[in-house]
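Analysis of the macromolecular model
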Amino acid sequence: MVDGEVPEEVTPKDLILALISEIGTGGGQGHMVEYRGEAIEKMSMEGRMTICNMSIEWGARVGMVASDETTFTYLKDRPHAPRGAQWDKAVAYWRTLRTDDDATFDAEIHVDASNLAPLRYLGYQPWAGTPP
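Since this is a predicted model, take the numbers as computed values, not measurements.

Rules used in this analysis
- Residues numbered from 1 in each chain as written.
- Predicted model: local features only at pLDDT ≥ 70, side-chain atom pairs only at ≥ 80, totals over all residues.
- Heavy atoms only, no water.
- Helix = DSSP H or I, 4+ residues; strand = E, 2+ residues; numbered from the N terminus.
- Buried < 20%, exposed > 50% of the residue type's maximum accessible area, 1.4 Å probe, protein only.
- Areas by Shrake-Rupley, 256 points an atom, 1.4 Å probe, with all protein chains shown as cover.
- Axes fitted to C-alpha atoms, helices over the stretch in contact; angles between N-to-C directions.
- Left-handed = near helix turned anticlockwise from the far one by under 90°.
- Contact = heavy atoms within 4.5 Å.
- Nonpolar A, V, L, I, M, F, W, Y, C, P; charged D, E, K, R; others polar.
- 1 Å grid on protein atoms, 1.4 Å probe; cavity = no way out; pocket = protein on both sides within 12 Å on 5 of 7 lines; lining within 4 Å.
- Points joined across faces, edges and corners; volume = space filled by probe spheres on them.
- Phe/Tyr/Trp six-rings, centres within 6.5 Å; stacked < 30°, edge-to-face > 60°.
- Lys NZ or Arg CZ within 6 Å of the ring centre and 35° of its normal.

A short note on the overall build of the protein
- Secondary structure summary: the protein contains five helices and six strands in total.
- Tracing the protein from N to C terminus, the helices and strands come up as β-α-β-α-α-β-α-α-β-β-β.
- The C-alpha extent of the protein, read off along each of the three principal axes, is 55 × 30 × 25 Å.
- Burial status across the protein gives 33% buried among its 132 residues.
- Carbon and sulfur atoms provide 50% of the accessible area of the protein, an area that totals close to 8400 Å².

Take a look at the structure:
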């Protein structure tokens, strides 16, 4: 869960590296990771794709953000996207693909995005500030 306002200088890559630093580079090993919260909801589609693509960096098999208006706006009128009534039907279906409110998870990580700073990465350990 990523809440709060993401500082302007913090990129989606900084955000995912901050999440990874909470539990380590193997912390998602074999798992599916769902990214949620205010900061994720406000993120561009490109930012969300960056975060999901980098899920492999903490060993996760899959990273996802539930479909919402940002997703639908991004997809509408793209090549291969449904059109007309098929679009409406697809969006109605995609809206059902959200995690249940009473779902339980193997682990939950909560990060306040407003406390994040740009990160550097040595290839084995992310850190904020001056390198060790």
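A look at the packing of helix H1 (residues 12-23) against helix H3 (residues 45-53)
- Close contact between H1 and H3 brings their axes to 9 Å; oriented N to C, the two are set at 35°. For the element pair H1 and H3, the recorded crossing hand is right-handed. Packed against H1, whose contacting residues are Pro12, Lys13, Leu15 and Ile16, the element H3 presents Gly47, Thr50 and Ile51 at the interface.
- For the contact of H1 with H3, a count of residues per class yields four nonpolar, two polar and one charged.

Points about the layout of surface pockets
- Space inside the largest pocket adds up to approximately 800 Å³.
- Taken together, 31 residues make up the lining of the largest pocket; nearest its centre are Glu34, Tyr35, Arg36, Phe105 and Ala107.
- For the lining of the largest pocket, the elements supplying multiple residues, two or more each, are H1, strand S2 (32-34) and helix H2 (38-41).
- Classifying every residue of the lining of the largest pocket by side-chain character gives 15 nonpolar, six polar and ten charged.

A short note on unusual backbone geometry
- Backbone geometry at Asp77 places phi at a positive 65°, although glycine is not the residue there.
- Structurally, the position occupied by Asp77 is in the loop between helix H4 (69-75) and helix H5 (84-94).
- A positive phi is found at His80, a non-glycine position, where the angle reads about 75°.
- On the secondary structure map, His80 appears in the loop between H4 and H5.
- When its relative accessible area of 85% is taken as the criterion, His80 is described as exposed.

As for the packing of aromatic side chains
- By the definition in use, this model includes two aromatic pairs.
- Residues Phe72 and Trp94 carry aromatic rings whose centres are separated by 6.2 Å and whose planes lie at 15° to one another, so their mutual orientation is stacked. Of the two residues, Phe72 is situated in helix H4 and Trp94 in helix H5; the sequence distance between them amounts to 22 residues.
- Aromatic pair Trp87 and Trp94: ring centres 5.7 Å apart, planes at 80°, arrangement edge-to-face.
- Connected via pairs of aromatic rings, a cluster forms that spans Phe72, Trp87 and Trp94.
- Arg78 extends its terminal NZ or CZ atom over the ring of Tyr74, reaching a point 3.8 Å from the ring centre.

Points about the environment of Ile56
- Along the polypeptide, Ile56 turns up in the loop between H3 and strand S3 (62-64).
- Once the C-alpha coordinates of Ile56 and Val33 are considered, the two residues, 23 residues apart in sequence, prove to be 9.9 Å apart.

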